[in-house]
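Letter by letter, the chains look like this.
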Amino acid sequence: DQQVKQNSPSLSVQEGRISILNCDYTNSMFDYFLWYKKYPAEGPTFLISISSIKDKNEDGRFTVFLNKSAKHLSLHIVPSQPGDSAVYFCAASPGSGNTGKLIFGQGTTLQVKP
Amino acid sequence: NAGVTQTPKFQVLKTGQSMTLQCAQDMNHEYMSWYRQDPGMGLRLIHYSVGAGITDQGEVPNGYNVSRSTTEDFPLRLLSAAPSQTSVYFCASRSQGSTTDTQYFGPGTRLTVL
């Protein structure tokens with residue numbers, strides 16, 4: 001059973017517009033949520049995270065929103081740039097203490113067109 | 001500071017062969033993990049370690065062994081490779097003191113089992 005789901009395999013947006021990537025989860029015990037970006041032939045790189053006690057975290061062009069009642073989070077990229085084209089993974093930390101485990105969604109491929 | 005390094009970058013095996021995927025980190029991180037990435041499946045946790053001498057199973061541990069004799073190294077062993085183990089493998093590490101559960105990933109090993 002997939003505990004973290006990204007239901008949109010791909011997203012295409014125009015440069016300068018907003019990109020919204022969505023993620024749903026099933027386990028209310030998750031205490032941290034993270035977004036990773038991955039370019040082809042490279043490892044995932046950390047982008048932004050949010051604690052379960054917050055509903056928003058912002059870092060430059062990237063904002064993550066958390067709706068705990070809906071078990072839903074989203075990543076907003078404004079404005080989108082061609083260099084943002086990559087696969088974006090949503091991940092959740094199980095919250096069972098310091099174990100180093102992350103549960104990932106399937107990923108969403110973002111294409112930003114010039 | 002090289003971060004997380006993985007060798008080899010590419011490997012082709014025949015069914016039944018054994019091999020070890022190497023992972024090392026120079027950040028003195030206590031936590032290390034192995035993930036595999038398959039199309040449409042995101043990243044799935046294979047094994048993880050919270051410190052030297054301590055390992056535990058993740059979501060998909062069958063067919064893989066690990067050991068953690070030093071803080072720096074966390075090799076992943078395939079004792080008898082199967083075509084189902086064709087995948088991209090990522091090693092990650094994280095500081096025990098991290099407040100955001102952020103993990104740092106290596107560049108990956110692309111494994112093909114014929």
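Every value quoted in this text rests on a predicted model; they were computed, and no experiment measured them.

Sorry if this is basic, but what is going on with the packing of aromatic side chains here?
Working definition: an aromatic ring pair is given by the centre-to-centre distance plus the angle between the planes. Residue and element names in this part refer to chain A. Applying the stated criterion across every chain, the model contains 11 aromatic pairs over all chains. Both rings, one in F30 and one in F33, keep their centres 6.2 Å apart while their planes meet at 90°; by these two values the pair is edge-to-face. Both residues of the pair, F30 and F33, belong to the buried class. Between F89 and F104, the ring centres sit 6.3 Å apart and the planes meet at 85°, which makes this aromatic pair edge-to-face. Of this pair, F89 sits in strand β9 (residues 86–93) while F104 is found in strand β10 (residues 103–104), placing the two residues 15 residues apart along the sequence.

For this particular structure, what's the right way to read the pattern of salt bridges?
A side chain with one charge can pair with a side chain of the opposite charge if their charged atoms come near. Enumeration over the complete set of coordinates arrives at 3 salt bridges over all chains. Two residues, D84 of chain A and R61 of chain A, come together in a salt bridge whose shortest N-O distance is 2.8 Å. Of this pair, D84 of chain A sits in the loop between β8 (72–77) and β9 while R61 of chain A sits in the loop between β6 (56–59) and β7 (62–67); the two residues are 23 residues apart in sequence, bridging distant segments of the chain. For D84 of chain A, a relative accessible area of 2% corresponds to the buried category. A residue is classified by how much of its surface remains accessible, and R61 of chain A, at 22% relative accessible area, is partly exposed. Put simply, D38 of chain B and R36 of chain B hold a salt bridge, and the shortest N to O gap is 2.8 Å. In this pair, the class of D38 of chain B matches that of R36 of chain B, namely buried.

The rules behind the values
- Residues numbered from 1 in each chain as written.
- Chains lettered and ligands numbered in written order.
- Predicted model: local features only at pLDDT ≥ 70, side-chain atom pairs only at ≥ 80, totals over all residues.
- Heavy atoms only, no water.
- Phe/Tyr/Trp six-rings, centres within 6.5 Å; stacked < 30°, edge-to-face > 60°.
- Buried < 20%, exposed > 50% of the residue type's maximum accessible area, 1.4 Å probe, protein only.
- Helix = DSSP H or I, 4+ residues; strand = E, 2+ residues; numbered from the N terminus.
- Salt bridge = Lys/Arg side-chain N within 4 Å of Asp/Glu carboxyl O.

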